[in-house]
Amino acid sequence: MEKKRALVLGASQNLGAHLAGRMAAEGWAVTALGRRPAGETDLPADLDYIQADLSLPETLEWLPEKIGDAPDAVVYNAVRYPDQKAGTPSLQELESVFRVNALVPYRLLLDLLLAPRDRFCSVVVVNSDAIYHAREQSGVYSASKAALRVLTGTLASTARGRNASVSTLLLGPLADREKVRGLQRVAEQRGTTEEEVTRLFLRRSNTNLVIDELIDFESCFQSLRYMIGLGPVANGMMCRLDGGSAGGLV
Ligand SMILES: NC(=O)c1ccc[n+]([C@@H]2O[C@H](COP(=O)([O-])OP(=O)(O)OC[C@H]3O[C@@H](n4cnc5c(N)ncnc54)[C@H](OP(=O)(O)O)[C@@H]3O)[C@@H](O)[C@H]2O)c1
């Protein structure tokens, strides 16, 4: 039987690499996309990989042809975090953040939805709980993700009647490698447990959530699989995974 095709954008490390690897393990023919060279990713070596910088305007000129016919599933996971150490962001940096986090997914997915297609296509856009709260340090990221959320809603309207669904996987704080390593370092320095440091970190950094543990990648994959499995009824859906926070205080 012909394998179903999936495209995972922002798949070179962390959550995206996990989603792409797990989809491949479950029998999907996966194409992963990231900015770094293929040899530097956390992906299985035999996975198809497109190296592309989504912050460059010219990328959208060649990428659609490279992707070809619409896959059966598309996951937009790519994200650009503003450089916190660089001080006041330049207009160019702000544009790059908004391009990768909101404008490129909108433009790319819009074209994909409007193209003629005889197979159903599930689009899942990964978003963040940060859309509900902006702080001094995270305002630009939150704003770009809020823009993505609104644009994803309009894409769902476009998908209606077009043999496709567009849904949102909205996530709280993830157990990404950098965060986990940082928390382990602090635990070692303070002579306490990683669990305790994580709990304190989450209390301070995510005051709108009631959460003791970071969210594991596998729970995100299980949510993704469920959303794709729903088919057309997932159109417009938002699946919020906030780590047992019970909706937090929002
Ligand atoms: N981490 C969290 O706690 C958290 C919480 C809530 C929601 N989320 C959401 O979950 C998703 C994954 O987050 P993450 O922390 O796992 O991200 P990450 O580790 O920073 O990975 C981001 C991915 O996007 C790719 N990417 C970034 N800029 C790109 C560009 N210009 N062109 C092409 N690819 C580019 C990266 O490729 P390269 O590395 O090769 O550049 C990488 O594969 C994001 O949508 C994020 O908003 C994360």
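Figured I'd write up the structure that's included with this text. Every chain's residues receive numbers from 1 upward, in the order its sequence appears when written. Where local features are concerned, this predicted model is filtered to residues with pLDDT of at least 70; where side-chain atom pairs are given and counted, the filter is 80 or more; whole-chain, interface and lining totals use all residues. The side-chain numbers reported here are obtained from all heavy atoms of the structure, hydrogens and water having been left aside.

A short note on the site of the ligand
Around the ligand sit 28 residues, and of these Ser 12, Arg 36, Tyr 141, Lys 145 and Lys 179 come closest. At 2.8 Å, a backbone N or O of Leu 54 approaches a nitrogen atom of the ligand. Leu 174 is positioned with one of its backbone polar atoms (N or O) 2.9 Å from an oxygen atom of the ligand. Protein contacts shield 93% of the accessible area of the ligand, which totals 890 Å² for the unbound molecule. Within the residue set of the shell around the ligand, elements represented by two or more residues are helix H1 (14–25), strand S5 (121–128) and helix H4 (139–159). With 3 residues, S5 is the largest single contributor of residues to the shell around the ligand. Under the convention adopted here, Pro, Cys and the residues Ala, Val, Leu, Ile, Met, Phe, Trp and Tyr are nonpolar, Asp, Glu, Lys and Arg are charged, and Gly plus all remaining residues are polar. Of the residues in the shell around the ligand, the class split is 13 nonpolar, 9 polar and 6 charged. Residues are classed as near a molecule or strand on a simple rule: at least one heavy atom within 4 Å of it. Each polar contact in these results corresponds to two N or O atoms within 3.5 Å; when the atoms are within protein, one needs to be able to donate a hydrogen and the other to accept it, and residues that are neighboring in sequence are counted only if both atoms are side-chain atoms. Areas reported here follow the Shrake-Rupley algorithm with a probe of radius 1.4 Å; residue values treat only the protein chains shown as occluding. Strands are runs of DSSP state E lasting at least 2 residues, helices are runs of H or I lasting at least 4, and numbering of each runs from the N terminus.

Brief notes about the pattern of salt bridges
It is possible for side chains of opposite charge to pair when their charged atoms get near one another. The salt bridge criterion pairs a side-chain nitrogen of Lys or Arg with a carboxyl oxygen of Asp or Glu, the two atoms within 4 Å. In the structure shown here, the tally under the stated rule is 13 salt bridges. Arg 22 is the partner of Glu 26 in a salt bridge, and the nearest nitrogen-oxygen pair spans 3.6 Å. Here Arg 240 makes a salt bridge to Asp 129, at a shortest N to O gap of 2.7 Å. With Arg 240 in strand S7 (residues 238–241) and Asp 129 in the loop between S5 and H4, this residue pair connects regions lying 111 residues apart in the sequence. Given a relative accessible area of 26%, Arg 240 falls into the partly exposed group. Only protein chains enter the accessibility calculation, which uses a 1.4 Å probe; a residue is then buried when its area is under 20% of its type maximum, exposed when over 50%, and partly exposed in between.

Side note on the state of the cysteines
Cysteine pairs can be covalently joined through their sulfur atoms, and such a bond is termed a disulfide. Note that a disulfide, as used here, is simply two cysteine sulfur atoms within 2.5 Å. Within this structure, the stated rule accounts for 0 disulfides. For the unlinked cysteine Cys 220, the closest cysteine sulfur is that of Cys 239, found at 9.2 Å.

Considerations on the layout of surface pockets
Space inside and on the surface of the protein is sampled on a 1 Å grid over the protein atoms alone, with a cavity defined as a set of points where a 1.4 Å probe fits but cannot get out and a pocket as an open set with protein on both sides within 12 Å along at least 5 of 7 lines; lining residues have an atom within 4 Å of a point. Grid points are joined across faces, edges and corners, and a volume is the space filled by probe spheres set on the points. In this structure, the second largest pocket occupies an estimated 290 Å³ of space. Every residue lining the second largest pocket is counted, 15 residues in all, and those nearest its centre are Gly 68, Asp 69, Ala 70, Leu 112 and Ala 115. For the lining of the second largest pocket, the elements supplying multiple residues, two or more each, are helix H2 (59–67) and helix H3 (91–114). For the lining of the second largest pocket, a count of residues per class yields 7 nonpolar, 1 polar and 7 charged.

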